[in-house]
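# Summary of the model geometry
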Amino acid sequence: MKTAIHCSNAPECCGPCSQAVHHGQTIHISGQIGCNPTTKEIVNTKCVKSQTEQALKNVQAIIEAAGGSMKDIVHCTICLTNMEDHNVVNEVFAKHFPHHQSGDKNHPAPAHTCFAVKELPMHAMVQVSAVGCCGGALPN
């Protein structure tokens, strides 16, 4: 059975989809842009680093609402409007997934795919979707 995950600490989806879907031991998190869930606006419209930080905060809020943590993320898909921003995005990812740098073989860094797109919702510069594996039970 699949269950929709809703989290008030992340922006609502802009379209007919769920923020995330929990199925079995897998959580599929919809693409998150650098949108502040309180203001509903893109953070720092000219800074991919700030937008990536916010997108990953949104991913974290959603996976935590589903009962998981960033250590449970196994794959991320990154969409960029400018591939020259890839190194900056990787630097931000390293801060949000620090456990892989400590040599923790039980929690390796997630795999990721990155590709360029023409544009993103709300003129964002980056979008991150994620898949996590974190057990079969939803939080109460």
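Residues numbered from 1 in each chain as written. Predicted model: local features only at pLDDT ≥ 70, side-chain atom pairs only at ≥ 80, totals over all residues. Heavy atoms only, no water.

A regular strand carries its side chains on alternate faces of the sheet. For strand E4 (residues 73–80) and strand E6 (residues 126–133), the ladder comprises seven bridges, and the chain directions are antiparallel. Each bridged residue has a counterpart across the sheet, and for Cys76 the counterpart in E6 is Ala130. Across six bridges, the pairing between E4 and strand E5 (residues 111–116) is parallel. Opposite Ile78, over in E5, you have Cys114 as the bridge partner. (Pairing = 2+ DSSP bridges. Helix = DSSP H or I, 4+ residues; strand = E, 2+ residues; numbered from the N terminus.)

Let us now look at the environment of Asp85. With respect to the helices, strands and loops of the structure, Asp85 is situated in the loop between E4 and helix H2 (86–96). Separated by 38 residues in the primary sequence, Asp85 and Cys47 have C-alpha atoms spaced 9.7 Å apart. Sequence-distant contacts of Asp85, that is, excluding residues within four places in its chain, are made with Val48, Leu80 and Met125. (Contact = heavy atoms within 4.5 Å.)

Bringing H2 into the picture now. Looking at H2, one finds that the buried residues are Val89, Val92, Phe93 and His96. The buried residues of H2 all sit within an arc of 105° when viewed along its axis, so they share a single face. Opposite the buried face of H2, at more than 90 degrees from it, the exposed residues are Asn87, Glu91 and Lys95. Contact partners of the buried residues in H2: helix H1 (48–65), E4 and E6. (Buried < 20%, exposed > 50% of the residue type's maximum accessible area, 1.4 Å probe, protein only. Arc of directions from axis to C-beta.)

Mapped onto the fold, Asp72 is located in the loop between H1 and E4. There is no salt bridge for the buried Asp72, and the closest opposite charge comes from Lys71, which lies 8.9 Å off by N-O distance. When neighbours within four sequence positions are excluded, Asp72 is seen to be in contact with Ile63, Val131, Gly132, Cys133 and Cys134. (Lys, Arg positive; Asp, Glu negative; His and termini not counted. Salt bridge = Lys/Arg side-chain N within 4 Å of Asp/Glu carboxyl O.)

What follows concerns the sheet that holds strand E2 (residues 20–23). By way of backbone hydrogen bonds, the strands of a sheet pair with one another, either parallel or antiparallel. One open sheet accounts for six strands, arranged E1-E2-E3-E6-E4-E5; its pairing is mixed. Where the open sheet ends on each side, the last strands, each with one partner, are strand E1 (2–5) and E5. Sheet twist, expressed as the mean angle between neighbouring strand axes with direction ignored, is 15°. Note: E1 against E2, four bridges, orientation antiparallel. (Axes fitted to C-alpha atoms, helices over the stretch in contact; angles between N-to-C directions.)

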